[in-house]
Amino acid sequence: MTVADLDSRLDSYELSEWMVFEKMTGPLGRRRGDIQAATVAAAIANANRPKGGRKFTVKDFLIPYGEAGRKTPEQMLAAVRDINTSLGGVEHGRNPDG
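Residues numbered from 1 in each chain as written. Predicted model: local features only at pLDDT ≥ 70, side-chain atom pairs only at ≥ 80, totals over all residues. Heavy atoms only, no water.

**Concerning the overall build of the chain**
Heads up, the rule is: Secondary structure elements are taken from DSSP: a helix is a run of H or I of four residues or more, a strand is a run of E of two residues or more, and numbering for both begins at the N terminus. Classification of residues uses two cut-offs on accessible area relative to the type maximum, computed with a 1.4 Å probe and protein chains only: under 20% is buried, over 50% is exposed, and between them is partly exposed. Contact criterion: two residues are considered in contact whenever any of their non-hydrogen atoms come within 4.5 Å of each other. For the area figures, the Shrake-Rupley method with a 1.4 Å probe applies, and any residue is considered shielded solely by the protein chains shown.
For the chain, the helix and strand inventory stands at four helices and zero strands. The N-to-C order of helical and strand elements in the chain reads α-α-α-α. Looking at the chain as a whole, 8% of its 98 residues qualify as buried. Once local pairs closer than 6 in sequence are excluded, the contacts in the chain between residues at least 24 apart make up 22%. Put simply, the chain shows about 8,600 Å² of open surface, and 59% of that area lies on carbon and sulfur atoms.

Written as structure tokens, this is what we have:
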């Protein structure tokens, strides 16, 4: 579903209800799955850790979303160019750098 589809189907009242529901029950969607997977990973790691070893927490296995901050358009373009080069791609078209 696109943002436009969602905007046409979901009014602000329903969106507010979903936000409250998520605050009461915890995260929905992919983030919820990450927490569930991290919980299982922590349980397995703790069951297999050596005696006296550090106890693992769920946070040890969570993916850190959004901690790097926003990237500038130039940084995003550089990242795309790096990926393209690493995959053997060649850039065609105009070159905005010169």
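**Side note on the pattern of salt bridges**
The following threshold applies: Any Lys or Arg side-chain nitrogen found within 4 Å of a carboxyl oxygen on Asp or Glu counts as a salt bridge.
On inspection of all chains with the given rule, the structure shows two salt bridges. Asp 60 serves as the salt-bridge partner of Arg 54, at 3.1 Å between the closest nitrogen and oxygen. Residue classification places Arg 54 among the exposed positions, given a relative accessible area of 51%. Measuring nitrogen to oxygen at the nearest pair gives 3.0 Å for the salt bridge that ties Arg 81 to Glu 91. Of this pair, Arg 81 sits in helix α4 (residues 73-86) while Glu 91 is found in the segment after α4, placing the two residues 10 residues apart along the sequence.

**Some words on the packing of aromatic side chains**
Each pair of aromatic rings is reported with the distance of its centres and the angle of its planes. Where we set the bar: Working definition: a ring pair exists when centres of Phe, Tyr or Trp rings (six-membered ring for Trp) sit within 6.5 Å. Plane angles under 30 degrees give stacked, over 60 give edge-to-face, the rest tilted.
In total, this model carries two aromatic pairs according to the counting rule given. Centroid distance Trp 18 to Phe 21: 5.8 Å. Interplanar angle 90°. Geometry classified as edge-to-face. Separated by three residues within a single helix, Trp 18 and Phe 21 lie in helix α2 (residues 12-25), roughly one turn from each other. Judged by its relative accessible area of 42%, Trp 18 is partly exposed. The partly exposed category is assigned to Phe 21, whose relative accessible area is 39%.

**Things to note about the confidence of the model for the chain**
When pLDDT is low, close inspection of the predicted coordinates is not appropriate. Put simply, the rule is: The predictor reports its confidence for every residue as pLDDT, a score running from 0 up to 100.
Per-residue confidence for the chain gives a mean pLDDT of 83; residues scoring 70 or more make up 90%. When mean pLDDT is taken per element in the chain, helix α3 (residues 30-47) scores highest with 88 and α2 scores lowest with 84.

**Thoughts on α2**
Just so we agree on the cut-off: Expected helix span is computed as 1.5 Å times (number of residues minus one).
For α2, spanning 14 residues, the distance from its first C-alpha to its last is 20 Å, which sits close to the expected 20 Å at 1.5 Å a residue. Once α2 ends, the next one or two residues include Gly 26, with phi positive near 105°.

**Re the side chain of Asn 46**
Note the cut-off: Contacts described as polar in this section are N or O atom pairs within 3.5 Å, which, within protein, must combine one atom able to donate a hydrogen with one able to accept it, while residues neighboring in sequence count only if both atoms come from side chains.
In this fold, Asn 46 is placed in helix α3. There is a polar contact of 2.7 Å between the side chain of Asn 46 and the backbone nitrogen of Phe 56. The residues contacting Asn 46, other than those within four sequence positions of it, are Arg 54, Lys 55 and Phe 56.

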